[in-house]
Amino acid sequence: MLKRGIAVAAAASVALSACVQTRQFADTEFTPPEGDYKLLVLRPDVSVGSLTTGGMVEPRADWTDPARHSVVDALRVQQAGRGGKVTIVEHRNEVPGVTAQELADVERLNFAVDQSIVLHKYLGDYLPTKRGKGLDWSLGADAVRLGQKTGYDYALFLHAEDAQASGGRIALGLLGLAGCFIGFCAPNVGGQQQLDYASLVDLKTGEVVWFNVVQAGSEIPGIKFGDLRTPAGATQMIDRLLGRMKPGKDAIKGHVMTPEPASKH
């Protein structure tokens with residue numbers, strides 16, 4: 001009975017477990033935009049696929065399109081509460097004065113920079129020249145030209161990928177879980193997986209001033225923590241990724257109150 005009780009307790013704890021991790025980096029002097037700022041949100045890079053029984057992700061266009069719409073709607077609602085002028089680009093020919101090719105070039109450049117940030121800030125391949133500098137990456141003249149042509153202060157780039165467990169993978173996970181009830185827990189195959197990241201670029205300088213990554217995963221197939229295809233799941237993701245921007249360390253120091261000098265009278 002004791003062995004069976006331990007197995008049941010272990011199964012219950014695994015079934016309830018899910019992990020969400022987020023970690024932000026900011027330029028040392030960065031302050032989250034407030035008031036009358038102008039923000040250009042480039043077309044969100046969204047993909048949703050099916051996580052197969054064997055662990056491969058098969059892209060699903062019929063899932064990706066509604067997910068992108070849900071993410072864009074959630075972005076509009078979230079940014080509307082911040083007071084700035086926000087334009088969300090859904091097609092590259094929508095920005096007056098900027099060609100579709102120019103926007104595509106900036107997006108590709110940002111993708112390469114974002115990959116470098118992830119590599120050196122999140123995956124441990126640190127660059128000695130960038131230690132202690134917060135974020136020290138730039139999109140350079142291309143981003144500055146985009147700001148000059150559009151009049152926007154910032155550009156926001158967003159990437160979101162979601163893998164939903166297939167029926168076969170859910171069945172495999174439940175089979176492994178069922179084994180716990182007879183004293184043998186099969187290796188956990190894992191369930192839904194989600195990776196999201198966003199970068200904010202100052203269009204006056206071209207510098208990346210803020211970056212955040214959110215990773216989420218459920219331990220058991222069928223246990224969900226947010227589905228990008230649904231309004232609720234997209235809203236949850238946007239809140240995790242953009243809801244609480246932290247300022248840079250120098251900006252935080254600047255907000256520390258210092259005591260006023262004593263009056264001479």
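Since we're looking at a predicted model, the values are computed, not measured. As a convention, each chain's residues are numbered from 1 in the sequence order in which they are written. Residues qualify for local features only when their pLDDT is at least 70, as the model is predicted, and side-chain atom pairs are given and counted only at 80 or more; totals for whole chains, interfaces and linings, by contrast, use all residues. Side-chain measures were taken over the full set of non-hydrogen atoms in the model, leaving aside hydrogen atoms and water.

Caption draft 1: Spotlight on the side chain of Gln78. Labels follow the DSSP assignment, with helices taken as runs of H or I lasting at least four residues and strands as runs of E lasting at least two, numbered in each case from the N terminus. Within the fold, Gln78 resides in helix H2 (residues 61-80). Note on classification: 1.4 Å probe, protein chains only; a residue is buried when its accessible area is under 20% of the maximum for its type, exposed when over 50%, partly exposed between these limits. With a relative accessible area of 17%, Gln78 lands in the buried category. With sequence-adjacent residues up to four places away left out, Gln78 is seen in contact with Ile238, Leu242 and Gly243. Whether two residues are in contact is decided by their heavy atoms, any of which lying within 4.5 Å being enough.

Caption draft 2: Highlighting the side chain of Asp162. Structurally, the position occupied by Asp162 is in strand E6 (residues 154-165). Buried charge without a salt bridge: Asp162, with Arg229 as the nearest opposite-charge side chain at an N-O distance of 6.2 Å. In protein, a polar contact requires one atom able to donate a hydrogen and another able to accept it; more generally it is a pair of N or O atoms within 3.5 Å, and residues adjacent in sequence count only if both atoms are side-chain atoms. A distance of 3.2 Å separates the side chain of Asp162 from the backbone nitrogen of Leu228, its partner in a polar contact. Counted charges follow a simple rule, with Lys and Arg positive, Asp and Glu negative, and His plus the chain ends left uncounted. By definition, a salt bridge exists where a carboxyl oxygen of Asp or Glu is found within 4 Å of a side-chain nitrogen of Lys or Arg.

Caption draft 3: How the structure looks around the pairing of strand E3 (residues 45-51). Burial analysis of E3 places 5 of its 7 residues in the buried class, the great majority of the element. Looking at chain direction, E3 and strand E4 (residues 57-59) are connected through 3 bridges and run antiparallel. Bridge pairing in E4 links Ser50 to Glu58. Only when DSSP finds a minimum of two bridges between them are two strands counted as paired.

Caption draft 4: Up close: the pattern of salt bridges. For the coordinates displayed, the defined rule picks out 11 salt bridges. Notably, a salt bridge pairs Asp73 with Arg76, separated by 3.8 Å at the nearest N-O pair. Of this pair, Asp73 and Arg76 both sit in helix H2, 3 residues apart, roughly one helical turn. Assessed through its relative accessible area of 41%, Arg76 is described here as partly exposed. A salt bridge links Glu107 to Arg92; the shortest N-O distance between them is 2.6 Å. With Glu107 in helix H3 (residues 100-122) and Arg92 in the loop between strand E5 (85-88) and H3, this residue pair connects regions lying 15 residues apart in the sequence. Shared partners join several salt bridges into a network, and the residues in it are Asp73, Arg76 and Glu90.

These figures capture arrangement, not role.
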